[in-house]
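# Per-entry structural report
Now for the letters of each chain:
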Amino acid sequence: QSALTQPASVSASPGQSITISCTGSSSDVGGYDYVSWYQQHPGKAPKLMIYDVNNRPSGVSSRFSGSKSGNTASLTISGLQAEDEADYYCSSYTRNNAVAFGGGTKLTVL
Amino acid sequence: EVQLLESGGGLIQPGGSLRLSCAASGFSFSDYAMSWVRQAPGKGLDWVSGISASGGTTFYADSMKGRFTISRDNSKNTLYLEMNSLRAEDTAVYFCAKGRSRIAPREGDSWGQGALVTVSS
């Protein structure tokens, strides 16, 4: 059982927007602004898409954005493209000086 | 370009030990915290351990404390993970990841391709 809760799957058509939620507690998501989001294509290493709740690394499309409210963080992808189809994971620094991951969300672009 | 290359994976019997290495290049290794993250076949990401840039502070997932030891040799630009008392449930691809800060590995902004560890008799 993952420390952070994500929906197992989401789907949408190209051009649409989706939001993936990541729910934790005051000991992780709600207590720190150290939430990250990763994209992972099958057989590949994860790629950092968002760090510190809402910051994009250099080279990541502006279609990806992050936010947080209370114990829940969110990743929004706008203008969906076929190449966005992947697994997405959230993570958060925790009170125990560790990192917790969500269980992952499979995004299907219809 | 940041490059992280894991090695040392393989087939090991339950109860055995294994040491993974992660050779880093393309950045100032001694300036960044590093982490190990694993992924069991068909499962999600599972954070294992982290270490500060100097190596003076280490961090572990509760389930790994006492069995796994993270270390680094900044003179060799290499990160290590010593794994003891291995169990079938430790079977996974082990990734090393570079952090963005010196102190705590809060995220991984670059990842290796992973090393497969299979624990089976």
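Before any of the text, the structure's been laid out above.
Throughout what follows, the structure given in this document is the object of discussion.

Scoring rules and cut-offs
Residues numbered from 1 in each chain as written. Chains lettered and ligands numbered in written order. Predicted model: local features only at pLDDT ≥ 70, side-chain atom pairs only at ≥ 80, totals over all residues. Heavy atoms only, no water. Disulfide = S-S within 2.5 Å. Helix = DSSP H or I, 4+ residues; strand = E, 2+ residues; numbered from the N terminus. Buried < 20%, exposed > 50% of the residue type's maximum accessible area, 1.4 Å probe, protein only. Pairing = 2+ DSSP bridges. Axes fitted to C-alpha atoms, helices over the stretch in contact; angles between N-to-C directions. Phe/Tyr/Trp six-rings, centres within 6.5 Å; stacked < 30°, edge-to-face > 60°. Lys NZ or Arg CZ within 6 Å of the ring centre and 35° of its normal. Salt bridge = Lys/Arg side-chain N within 4 Å of Asp/Glu carboxyl O.

## So, the state of the cysteines
Going through the model one piece at a time under the given rule, you end up with two disulfides over all chains. Sulfur-sulfur distance for the disulfide between A:Cys22 and A:Cys90 comes to 2.0 Å. On the sign convention where negative means left-handed, the S-S torsion of about 75° between A:Cys22 and A:Cys90 marks this disulfide as right-handed. Here A:Cys90 lies in strand 7 (residues 86–93) and A:Cys22 lies in strand 2 (residues 18–23), a separation of 68 residues in the sequence. Through a disulfide, B:Cys22 is tied to B:Cys96; the S-S separation comes to 2.0 Å. When the S-S torsion is 50°, as for the bridge of B:Cys22 with B:Cys96, the disulfide is right-handed. Highlighted residues: B:Cys22 in strand 3 (residues 18–25) and B:Cys96 in strand 9 (residues 92–98), separated in sequence by 74 residues. When its relative accessible area of 0% is taken as the criterion, B:Cys22 is described as buried. Exposure remark for B:Cys96: the relative accessible area of 0% places this residue in the buried category.

## Side note on the sheet that holds strand 6 (residues 72–77) of chain A
Residue and element names in this part refer to chain A. Pairing is antiparallel across the open sheet formed by three strands, whose spatial order is 2-6-5. Looking at strand neighbours, the two that pair on one side only are strand 2 and strand 5 (64–69), the edges of this open sheet. Averaged over neighbouring strand pairs, the angle between their axes works out to 20° when direction is ignored. Both strand 2 and strand 6 contribute to a ladder of six bridges, which runs antiparallel. Directly across from Thr 19, in strand 6, lies its bridge partner Thr 76.

## Considerations on the sheet that holds strand 7 (residues 68–73) of chain B
Sheet strands pair by backbone hydrogen bonding; their relative direction is either parallel or antiparallel. Residues and elements named next belong to chain B. The antiparallel open sheet is built from four strands, whose spatial order is 1-3-8-7. Bordering the open sheet on either side are strand 1 (3–7) and strand 7, each of which pairs with just one other strand. Strand after strand, the sheet turns through a mean of 15° between neighbouring axes, direction not considered. Bridge count for strand 1 against strand 3 is five bridges, and the pairing is antiparallel.

## A short note on the packing of aromatic side chains
Inspection of the entire model under this criterion finds nine aromatic pairs over all chains. Between A:Tyr34 and A:Tyr93 the ring centres are 6.0 Å apart and the planes differ by 90°, which places this aromatic pair in the edge-to-face class. Of this pair, A:Tyr34 sits in the loop between strand 2 and strand 3 (35–40) while A:Tyr93 sits in strand 7, and the two are 59 residues apart along the sequence. Classification of A:Tyr93 as buried rests on a relative accessible area of 8%. Among the aromatic residues, ring-to-ring pairing joins A:Tyr38, A:Phe101, B:Phe95 and B:Trp111 into one connected group. The ring of A:Tyr51 has B:Arg100 sitting right over it, with the charged end atom 3.6 Å from the ring centre. Across the ring face of A:Tyr34, the terminal group of B:Arg106 is positioned such that the distance to the ring centre comes to 3.9 Å.

## Some details on the pairing of strand 11 (residues 115–119) of chain B
All names here are of chain B. Alternating residues of strand 11 divide into Ala 115, Val 117 and Val 119, all buried, and Leu 116 and Thr 118, none buried. As paired elements, strand 2 (residues 10–12) and strand 11 share three bridges and run parallel to each other. By the bridge assignment, Gly 10 is partnered in strand 11 with Val 117. Relative to strand 11, strand 9 is paired through three bridges, and the arrangement is antiparallel. Across the sheet, the residue bridging to Tyr 94 is Ala 115, located in strand 11.

## Looking at the pattern of salt bridges
With the rule as written, the count across this model stands at nine salt bridges over all chains. Its salt-bridge partner being B:Arg100, residue A:Asp52 comes within 3.9 Å of it at the nearest N-O pair. Placement of the pair is A:Asp52 in the loop between strand 4 (47–50) and strand 5 and B:Arg100 in the loop between strand 9 and strand 10 (110–111), with the two residues belonging to separate chains. Residue class for A:Asp52 comes out partly exposed when judged on its relative accessible area of 21%. One salt bridge in this structure joins B:Arg38 and B:Asp90, with 2.9 Å as the shortest N-O distance. Highlighted residues: B:Arg38 in strand 4 (residues 34–39) and B:Asp90 in the loop between strand 8 (78–83) and strand 9, separated in sequence by 52 residues. In the salt-bridge network here, residues are joined through shared partners; they are B:Arg38, B:Asp46, B:Arg67 and B:Asp90.

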